[in-house]
Amino acid sequence: IRDRYTLDKIEVRRHYDTLAKLLLKDIKDRSTIVEFLADLFDREPLLDPVFYDLCQRLNIKKTIAQVELRSNRQRDKIKGVKLLGLLGKVSDYHLCIPLLSRDEIPSVRIACLKMLSRSIAEKDTKIIGAVSALLDDNDENIRLHAFNTLVALKVPALGEVITDLCKNHPAMRPRLYK
């Protein structure tokens, strides 16, 4: 039912709606739902209202910042970032800005950039500023993901950004033009 319900069209979801609600009614294990939603984020669906209700019942959105994003485990932080991508608003995305720091593990930073590139943070200057600062990062993958995030956020003057990246990091030119 997971794949059928979460990834199908609205008409199919309506068909399974009652069954899904019945199955989710007795779930109390937060970690199971966190794992499920993190996996769901990777599949890029629209989150169905039954899952919003479940998350609200388990206080998942309220505890992401205290549990997953503060964890010492890379895997938990990435799950938290994915949950923010599914459940959050632009103001919630600001919780990811500290995770873009050079002190953070690259996979966590890249997860934040991927989430932000799928977000609705297009006009958020704080997020755009934090992502733009990564264009001078030492890690080429971080720079590339930062650039892709800026493209997804429809930041103006991308031509200048490309010119600067090619000038400051000539080895990136082939990857940028792809």
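Scroll up for the structure.
Residues numbered from 1 in each chain as written. Predicted model: local features only at pLDDT ≥ 70, side-chain atom pairs only at ≥ 80, totals over all residues. Heavy atoms only, no water.

Topic: unusual backbone geometry
Working step 1: Phi angles above zero are rare outside glycine, and Asn59 is one such case at about 55°.
Working step 2: Looking at where Asn59 falls in the secondary structure, it is placed in the loop between helix 4 (49-57) and helix 5 (60-63).
Working step 3: Overall, the relative accessible area of 36% leaves Asn59 in the partly exposed class.
Working step 4: A positive phi angle, close to 55°, is found at Lys154, a residue other than glycine.
Working step 5: In this structure, Lys154 sits in the loop between helix 10 (140-152) and helix 11 (158-168).
Working step 6: Assessed through its relative accessible area of 59%, Lys154 is described here as exposed. (Helix = DSSP H or I, 4+ residues; strand = E, 2+ residues; numbered from the N terminus. Buried < 20%, exposed > 50% of the residue type's maximum accessible area, 1.4 Å probe, protein only.)

Section: the packing of helix 6 (residues 74-87) against helix 8 (residues 106-117)
Working step 1: The geometry of helix 6 relative to helix 8 is characterised by a closest axis approach of 9 Å and an angle of 5° between their N-to-C directions. By the criterion of interaxial angle, the relationship of helix 6 to helix 8 is roughly parallel. Across from Gln74, Lys77, Ile78, Val81, Leu84 and Gly85 in helix 6, the residues of helix 8 making contact are Ser107, Val108, Ala111, Cys112 and Met115.
Working step 2: Here the contact of helix 6 with helix 8 is composed, by residue class, of seven nonpolar, three polar and one charged. (Axes fitted to C-alpha atoms, helices over the stretch in contact; angles between N-to-C directions. Parallel < 35°, antiparallel > 145°, perpendicular 65-115°, else oblique. Contact = heavy atoms within 4.5 Å. Nonpolar A, V, L, I, M, F, W, Y, C, P; charged D, E, K, R; others polar.)

Let's talk about the pattern of salt bridges
Working step 1: Tallying each qualifying case throughout the model produces 13 salt bridges.
Working step 2: Among the ionic pairs, Asp92 bridges to Lys61, the shortest N-O distance being 3.2 Å. Remark: Lys61 occurs in helix 5 and Asp92 occurs in helix 7 (residues 90-93); sequence separation between them is 31 residues.
Working step 3: Here Asp92 falls in the buried class, since its relative accessible area comes to 16%.
Working step 4: Since its relative accessible area comes to 34%, Lys61 is described here as partly exposed.
Working step 5: Ionic pairing is found between Arg102 and Asp137, a salt bridge with its closest N-O pair at 3.1 Å. In this pair, Arg102 is assigned in the loop between helix 7 and helix 8 and Asp137 in the loop between helix 9 (125-133) and helix 10, connecting sequence segments 35 residues apart.
Working step 6: What makes Asp137 buried here is its relative accessible area of 3%. (Salt bridge = Lys/Arg side-chain N within 4 Å of Asp/Glu carboxyl O.)

Here we look at helix 10
Working step 1: Here helix 10 spans 18 Å end to end across 13 residues, near enough to the 18 Å set by a 1.5 Å rise per residue.
Working step 2: Residues Ile142, Arg143, Leu144, Ala146, Phe147, Thr149 and Leu150 constitute the buried set of helix 10.
Working step 3: Where helix 10 is buried, its residues contact helix 8, helix 9, helix 11 and helix 12 (173-177).
Working step 4: Capping the start of helix 10 is the job of one residue whose side-chain oxygen sits 2.8 Å from the backbone nitrogen of Asn141: Asp139.
Working step 5: Of the residues flanking the end of helix 10, it is Lys154, one or two places downstream, whose phi is positive at about 55°. (Expected span 1.5 Å × (residues − 1). Polar contact = N/O pair within 3.5 Å; in protein donor to acceptor, adjacent residues only side chain to side chain.)

What about the state of the cysteines?
Working step 1: Scanning the entire structure with this criterion turns up zero disulfides.
Working step 2: Take Cys96: it sits in no disulfide, and the sulfur closest to it among the cysteines is that of Cys112, at 4.0 Å. (Disulfide = S-S within 2.5 Å.)

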